[in-house]
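Structural overview
Chain by chain, the residues:
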Amino acid sequence: MFEHIVLLKFKPDESNEIIESAIKRAHDFKGNIPGIAELSAGFNVTEELEHMQGFALGIRVTFDDQQACRDYIQHPLHQSLLQSIGPFVEGIVVMDYPFA
């Protein structure tokens, strides 16, 4: 199995509708992009404000293997989401790792 975690920081004054749309579109990946075993996406609601660093959206995708993650990155649905939210994003953190 292979985990792909993404944290997104949006530019100041961006509306929650942009984030809500991104969450909905990310959820649509499951069943439409091969190799996704699990997917979750949502608003950052941490109470550890000192660690939030402005990151408002988290997406976690579990893949069957690393190749499925590679294929997902290039998939048109994923690329379309990136293009639509790109102008509103100020920062991004990505972490990938294999696990048993």
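For the structure, check the block above.
A brief look at the structure comes next. As the structure is a prediction and not an experimental result, all values here were calculated from the model.

The next point concerns the overall build of the protein. Tallying secondary structure elements over the protein gives four helices and four strands in all. Across the protein, helices and strands are ordered from the amino to the carboxyl terminus as β-α-β-α-β-α-α-β. Relative to the 2.2 N^0.38 estimate, which gives 13 Å for 100 residues, the radius of gyration of the protein is 13 Å and therefore close to what a compact globule would have. Here the protein, with 100 residues, has 32% of them falling under the buried criterion. A separation of at least 24 residues holds for 76% of the contacts in the protein among residues at least 6 apart in sequence. Carbon together with sulfur atoms contributes 54% to the accessible area of the protein, which is approximately 6,100 Å² in total. Here the protein carries 7 positive and 15 negative side-chain charges, and the mean point of each set is 6 Å from the other.

On to the side chain of His4, then. Within the secondary structure, His4 sits in strand S1 (residues 2–10). Within polar-contact distance, the side chain of His4 engages the side chain of Asp96 at 2.5 Å. What His4 contacts, discounting residues up to four positions off in sequence, is Ile59, Arg60, Val61, Phe63, Cys69, Tyr72, Ile73, Val94, Met95 and Asp96.

Looking now at the nonpolar core. Generally speaking, a soluble globular protein has its nonpolar side chains buried in company with each other. In this structure, Leu8, Phe10, Phe29, Ile36, Leu57, Ile59 and Phe63 are the most contacted members of the largest nonpolar core, which totals 25 residues. Contributing elements (two or more residues each) for this core: S1, helix H1 (16–27), strand S2 (36–43), strand S3 (55–63), helix H3 (66–74) and helix H4 (76–85). The contact partners of Phe63, leaving out residues within four places of it in the chain, are Met1, Phe2, His4, Gly35, Ile36, Ala37, Ala68, Cys69 and Tyr72.

Calculation rules
- Residues numbered from 1 in each chain as written.
- Predicted model: local features only at pLDDT ≥ 70, side-chain atom pairs only at ≥ 80, totals over all residues.
- Heavy atoms only, no water.
- Helix = DSSP H or I, 4+ residues; strand = E, 2+ residues; numbered from the N terminus.
- Rg over C-alpha atoms; globule rule 2.2 N^0.38 Å.
- Buried < 20%, exposed > 50% of the residue type's maximum accessible area, 1.4 Å probe, protein only.
- Contact = heavy atoms within 4.5 Å.
- Areas by Shrake-Rupley, 256 points an atom, 1.4 Å probe, with all protein chains shown as cover.
- Lys, Arg positive; Asp, Glu negative; His and termini not counted.
- Charge placed at Lys NZ, Arg CZ, Asp CG, Glu CD.
- Polar contact = N/O pair within 3.5 Å; in protein donor to acceptor, adjacent residues only side chain to side chain.
- Core = buried A, V, L, I, M, F, W, Y, C linked by side-chain atoms within 4.5 Å.

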